[in-house]
Amino acid sequence: MYFKIDYDKVSNIGLFLKNKSDELDTLYNDVLDICEKIEENYKSEDSSVYLYRFINYVLLFTEENEYLRKGGYVLAKVSSLYSNQEIKWAKDVMNSDLCKGGRE
């Protein structure tokens, strides 16, 4: 079985995922800051319940976002490792007697 992988594209996708994950973290933190301001400025019988549920909902998304970040990291790292290994194998083959026309 033959696989052709564009390691640069895979690495770029991993980097893209990590960057988007960082952007999402910033947005989630902004939302949590807004929730803090709401809590300071809006009081009612149910406000704390609604706010608590909403904050937990946002925190759930921040946890899921961590999986996105880890996925991006894994793609970038695996791409680099496999690319380096493929280059090493190619050099080993080029330096072997097989490519030089020699026989053992």
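This is a predicted model, so every value here is computed, not measured. Residue positions are given per chain, counting from 1 as you read along its sequence in written order. Given that this is a predicted model, residues contribute local features only at a pLDDT of at least 70 and side-chain atom pairs are listed and counted only at 80 or more, while totals for whole chains, interfaces and linings are drawn from all residues. Hydrogens are left out, water is left out, and the side-chain values use all remaining heavy atoms of the structure.

Participant: In this structure, what is going on with the overall build of the protein chain? I would like to understand it.
Facilitator: Across its full length, the protein chain holds three helices and zero strands. For the purposes of this entry, the term helix denotes a DSSP run of H or I that reaches at least four residues, the term strand denotes a run of E that reaches at least two, and both are numbered from the N terminus. What you see in the protein chain, going N to C, is helices and strands ordered as α-α-α. Restricting the calculation to C-alpha atoms gives the radius of gyration, and the globule rule supplies 2.2 Å times the number of residues raised to the power 0.38. Expected size for 104 residues packed as a compact globule is a radius of gyration near 13 Å; at 25 Å, the protein chain overshoots this value by more than 25%. Taken along the three principal axes of its C-alpha coordinates, the protein chain extends 85 × 20 × 15 Å.

Participant: Can you walk me through the pattern of salt bridges in this structure?
Facilitator: When the charged atoms of two side chains with opposite charge come close together, those side chains can pair. Between Lys or Arg on one side and Asp or Glu on the other, a salt bridge is scored when a side-chain nitrogen of the former is within 4 Å of a carboxyl oxygen of the latter. One pass over the full model with this rule turns up four salt bridges. Asp25 is the partner of Arg69 in a salt bridge, and the nearest nitrogen-oxygen pair spans 2.4 Å. On the criterion of sequence distance, the pair formed by Arg69 in helix α2 (residues 47-95) and Asp25 in helix α1 (residues 7-41) is long-range, its members being 44 residues apart. With a closest N to O distance of 2.7 Å, Glu66 and Arg69 form a salt bridge. Remark: Arg69 and Glu66 occur in helix α2; sequence separation between them is three residues, near one turn of the helix. Taken together, the salt bridges that share partners define one network made up of Asp22, Asp25, Glu66 and Arg69.

Participant: In this structure, what is going on with the environment of Tyr50? I would like to understand it.
Facilitator: Residue placement: Tyr50 occurs in helix α2. We call a residue buried when its accessible area falls under 20% of the maximum for its residue type, exposed when it is over 50%, and partly exposed in between, using a 1.4 Å probe and counting protein chains only. What makes Tyr50 exposed here is its relative accessible area of 56%. Considering only alpha carbons, one finds Tyr50 and Lys91, 41 residues apart in sequence, at a separation of 62 Å.

Participant: How should I be thinking about the environment of Leu60 in this particular structure?
Facilitator: Take Leu60: it is sitting in helix α2. For the pair formed by Leu60 and Ser47, sequence separation is 13 residues and the distance between their alpha carbons is 20 Å.

Participant: Hey, could you run me through a negative patch on the surface in this one?
Facilitator: A patch consists of residues whose relative accessible area exceeds 30% and which take part in no salt bridge; residues with like charges are grouped when within 9 Å of each other, and nonpolar side chains (Val, Leu, Ile, Met, Phe, Trp, Tyr) when within 5 Å. Only the protein chains shown count as covering a residue, and every accessible area follows the Shrake-Rupley method with a 1.4 Å probe. Only four residue types enter the tally: Lys and Arg on the positive side, Asp and Glu on the negative side, with His and both chain ends excluded. In plain terms, the charge of a residue is placed at NZ if it is Lys, CZ if Arg, CG if Asp and CD if Glu. A cluster of acidic side chains, namely Asp30, Asp33, Glu36, Glu39 and Glu40, defines a negative patch on the protein surface. Mapped onto the elements of the fold, Asp30 is located in helix α1.

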